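# Observations on the three-dimensional arrangement
So you can see what is in the structure, the chains are spelled out below.
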Amino acid sequence: MIRNPAGGVSTSAVPWTARRVVVGVGELAVSDRRDEVIVTYALGSCVAVCLFDRVATVAALLHFLLPEASINPRRALEQPAAFGDTGIPLLLHRAEQYGLRRDRASVRLVGGAEVAAVPSCATGRRNVLAARTILWREGLFLEAQEVGGVSARTVHLSVGDGRLRIFNGREQIKEM
Amino acid sequence: MRILIVDDSSMMRALIKRVIKLTELTGTEVLEASNGAEALQILETQEVNLLLTDVNMPEMSGVELLREITRRDRWPKLVRVIISTDGSVSRREEAADLDVRCYLEKPFSPEVLRHVLNEAAESVHV
Amino acid sequence: MCSTKLPNLFTSEAAAAVVGAIALVAERSFFADVQPCDERHFDELASGNTAWLVATVPFREGDATGVLSCSLPEDLARKLLDAFTGRDPREPQPSGDAVFDLVGELSNMICGTWLTTMATRDQSFTLSRPAVEIAARRPDTNVRPAARVAVNDLPLLVSIALDDVVLAPAGH
C-alpha cells in the first residue's frame, strides 16, 4: 500500500480541517497536501521513518516491521515496506517522485521499543540500527529520534509544516 | 574553503570526506595526509582553512603536528579540530593549549561529525 | 607489577567495560547490535569456514603497557566496512587493504574507548598503530578472552594482555 487516504475522521489529536492518511504495518505514505496528516499506530518494535521537505512541502512516512528482507524474502517481494532495507529506499524513491530532495529532507525515527513478550530478540533495537545503516547508506543524516523504551507509540506527521507529534495512547509524549 | 584531513586510517579519511560531501559545505576542496609530517608539507604549499587531525599516528602525531604549527606561527587563521579516541581530561586540556577549536571524541556518528564540521567552518575566514 | 590505574582484567567489572566499549563503538560508528555470548554460542557462531582477521593494538596508559587484540571473521569485517562508510552493496568490493584498515580502526576505537572508560580520566594514553593480519586459524577460545560478543549475529572476540602482570582469572 503506497497511499491510503482515509476519510476525514477527526480525533482530538488531528485538527478537524485535516485529512488523515493512515499507514499500517509494512506500509508507507507520501503526501504533498498541506491539509493532510500522516498517521501510524502501534509502533512497538516497529520503526517509523519520517521524512519532510519544507521547501517542496512533501512528507513521507514508512512503518517497517523487521530490519532485513533476507529474513523473509517472499514477503519482501510482496511487501517491501515491511523491511527496513527495502522499505527505506522505496520511501525515498516515492518521496522524490513528489519533489522531495535529499539535501533538504529532515529525517526522524520513532519506535523501536522492546516488546516485553520477547525481550531477548532485541527486534526494536535491531530495527533502529538497521534504519540508521540504510539512512547513512542513502546519504541522509538523522535529525532526531524518539526510540527504545517498552511502550508502543503513535505518530502524527503534519504535511503542512512537518510537525511530528508522538503519542503513548492518548497522551502526547513528545513533539519534534 | 580547503579542508585538510590528517589520519593514518584511510577508512576514517573516507568517512570524513563523505560527511563533508553531504553537508552544506559547498565548494569545499578536501586534502588528505596520513601523518603529521605529510600534513606540514601540504600546509607549506597550499592554503588550508580547516585542519582535522587524529592524534595517534606514525612519524608525527597529531599533538606534535599542532605544536609544530604553533611553533612556526605561519597559519594563525587555521581552524584546528582534533579527532581522538582519548577522552581523558589531560588530553583535552592539552588540546585547549594548542588552540584547538573542537575536540571530537571517537567513536562518533555521522551527525556529530557534521555538527562539528559546520561549527568549525563558521570559524573559518576565507 | 600491576598498574595502579588499570584493573585486574578478569573481574566482572572489567569484562563488562570491554563489552561496553565494543557496544558503544559498534552502535555509534557502525550501527551494529552487540550482544555478549557464552563460549558455546560463540563456538556456534564461529563454526563457519570464513577467514579470520586479527588486529593487535599496543597501548600505554601511565605506567601500564599492554596489547588489545580483536579477532573477527572477514565477512563481519566487510559488513562493518559497508556500514561505516555507507558503501552501497552494488559498488565494487573494497580491497583487502581497505578491510585491514577498517579492522585496525575498529580495534583502535575499542581500545581507546575501553581505556577512556576504565582508566583514570585524568590520565591520557597512547595507542600504537594497529597491526592487522589474517589469523592462521579462528581464535582459541580455551584462553579466556576479555570479551566474546555477537555483532549482528556474527562473532567478535577481544583479548587484552597487560605487560609484566601476573593475573589469575576470578574463580581459579
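Here is a short report on the structure shown in this document. Note that residues are indexed from 1 along each chain, following the sequence as it is written. Think of it this way: whatever chain is written first is A, whatever ligand is written first is 1, and the rest follow in order. pLDDT decides what is reported in this predicted model: residues at 70 or higher carry local features, side-chain atom pairs at 80 or more are listed and counted, and totals for whole chains, interfaces and linings draw on all residues regardless.

### Quick notes on the overall build of chain B
For clarity, the cut-off: Working definition: helices are DSSP H or I runs of at least four residues, strands are E runs of at least two. Numbering for both runs from the N terminus. We compute the radius of gyration from the C-alpha atoms alone; for a globule the expected value is 2.2 Å times N to the 0.38, where N is the number of residues.
Summing up its helical and strand segments, chain B has five helices and five strands in all. Secondary structure elements of chain B occur, N-terminal to C-terminal, as β-α-β-α-β-α-β-α-β-α. Relative to the compact-globule value of 14 Å for 126 residues, chain B shows a C-alpha radius of gyration of 13 Å, a close match. Considered along the principal axes of its C-alpha atoms, chain B spans approximately 35 × 30 × 25 Å.

### Digging into the pairing of strand β3 (residues 50-54) of chain B
All names here are of chain B. Formally: Residue burial is a threshold on neighbouring C-beta atoms within 10 Å of the residue's own C-beta, all placed from the backbone, with 20 or more meaning buried, 12 or fewer meaning exposed, and counts in between meaning partly exposed. Only strands joined by at least two bridges in the DSSP assignment are considered to pair.
Along β3, five of the five residues are buried, which leaves the element largely enclosed by surrounding structure. Side-chain alternation along β3 places Leu50, Leu52 and Asp54 on one buried face and Leu51 and Thr53 on a second face that is also buried. Taken together, the four bridges between strand β1 (residues 2-6) and β3 define a ladder with parallel strand orientation. Within β3, the residue paired with valine 6 across the bridge is threonine 53. Here β3 runs beside strand β4 (residues 79-84); their pairing, made up of five bridges, is parallel. Along β4, the bridge assignment pairs threonine 53 with isoleucine 82.

### So, helix α3 (residues 123-137) of chain A
Residue and element names in this part refer to chain A. So the rule is basically this: Any helix carries an expected span of 1.5 Å times its number of residues minus one.
Here α3 spans 21 Å end to end across 15 residues, near enough to the 21 Å set by a 1.5 Å rise per residue. Within α3, 13 of the 15 residues are buried, which leaves the element mostly enclosed by the surrounding structure. Once α3 ends, the next one or two residues include glycine 139, with phi positive near 80°.

### Notes on the packing of helix α3 (residues 74-85) of chain C against helix α4 (residues 96-118) of chain C
All names here are of chain C. Where we set the bar: Lines fitted to C-alpha atoms define the axes here, with helix axes fitted over just the stretch in contact, and angles between the N-to-C directions of these axes take values from 0 to 180 degrees. With respect to orientation, any angle under 35 degrees is reported as roughly parallel, any angle over 145 as roughly antiparallel, any angle of 65 to 115 as roughly perpendicular, and every other angle as oblique. A pair of residues counts as a contact when their C-beta atoms, built from backbone coordinates, are within 7 Å of each other. For this classification, the nonpolar set comprises Ala, Val, Leu, Ile, Met, Phe, Trp, Tyr, Cys and Pro, the charged set comprises Asp, Glu, Lys and Arg, and every other residue, Gly included, is treated as polar.
The contact between α3 and α4 brings their axes to 9 Å, and the two run at 80°. For the element pair α3 / α4, the angle class is roughly perpendicular. Facing α3, whose interface residues are Glu74, Ala77, Arg78, Leu80, Leu81 and Phe84, α4 presents Ala98, Val99, Leu102, Val103 and Leu106. Across the contact of α3 with α4, the residue classes tally to nine nonpolar, no polar and two charged.

### Considerations on the interface of chain C and chain B
At the junction of the two partners, chain C supplies 26 residues and chain B supplies 21 residues. With 10 residues, the top contributor of residues to the side of chain C that touches chain B is α4(C). Residues that form the side of chain C that touches chain B fall into these classes: nine nonpolar, 11 polar and six charged.

### Side note on the pairing of strand β5 (residues 58-64) of chain A
All names here are of chain A. Among the seven residues in β5, seven count as buried, and that is most of the element. Covered by surrounding structure in β5 are Val58, Ala60, Leu62 and Phe64 together with Ala59, Leu61 and His63, the residues of both alternating faces. As judged from the five bridges shared by strand β2 (residues 27-31) and β5, these two strands associate in the antiparallel manner. By the bridge assignment, valine 30 is partnered in β5 with alanine 60.

### Quick word on the interface of chain A and chain B
The partner chain B presents four residues to the four residues of chain A that form the contact. In terms of residue class, the side of chain A that touches chain B is built from three nonpolar, one polar and no charged.

### Considerations on the nonpolar core
Burial of nonpolar side chains together is a common tendency in soluble globular proteins. Just so we agree on the cut-off: By our criterion, buried Ala, Val, Leu, Ile, Met, Phe, Trp, Tyr and Cys residues that link up through C-beta atoms within 7 Å make up a nonpolar core.
Core analysis: the largest hydrophobic core is formed by 132 residues, its most contacted members being A:Leu51, A:Ala60, A:Leu61, C:Ile22 and C:Ile110. Counting residues per element, this core draws most heavily on α4(C), at 10 residues. Each residue touching A:Leu61, except ones within four places of it in the same chain, is listed here: A:Val23, A:Leu28, A:Ala29, A:Ile38, A:Thr40, A:Ala48, A:Cys50 and A:Leu157.

### Points about the sheet that holds strand β5 (residues 102-105) of chain B
Residues and elements named next belong to chain B. Within the open sheet, the five strands sit side by side as β2-β1-β3-β4-β5. Their pairing is parallel. One side of each edge strand has no neighbouring strand; the edge strands of this open sheet are β2 (29-33) and β5. Looking at each pair of strands side by side, their axes are set apart by 20° on average, direction ignored. Contacts from helix α5 (residues 110-122) reach β3, β4 and β5, with the element oriented near 170° to β5.

### Details of the environment of C:Pro145
Residue and element names in this part refer to chain C. As for its position among the elements, proline 145 is in the loop between β5 (131-134) and β6 (147-151). When the 20 C-beta atoms within 10 Å are taken as the criterion, proline 145 is described as buried. The spatial distance from the C-alpha of proline 145 to the C-alpha of valine 158 is 6.1 Å, given a sequence separation of 13 residues. If we skip the residues at most four places from it in the chain, proline 145 touches Leu157, Val158 and Ser159.

### Things to note about the packing of helix α1 (residues 10-22) of chain B against α4(C)
Close contact between α1(B) and α4(C) brings their axes to 7 Å; oriented N to C, the two are set at 90°. By the criterion of interaxial angle, the relationship of α1(B) to α4(C) is roughly perpendicular. On α4(C), the residues touching B:Ser10, B:Met11 and B:Met12 of α1(B) are C:Ala98, C:Asp101, C:Leu102 and C:Glu105. Residues that form the contact of α1(B) with α4(C) fall into these classes: four nonpolar, one polar and two charged.

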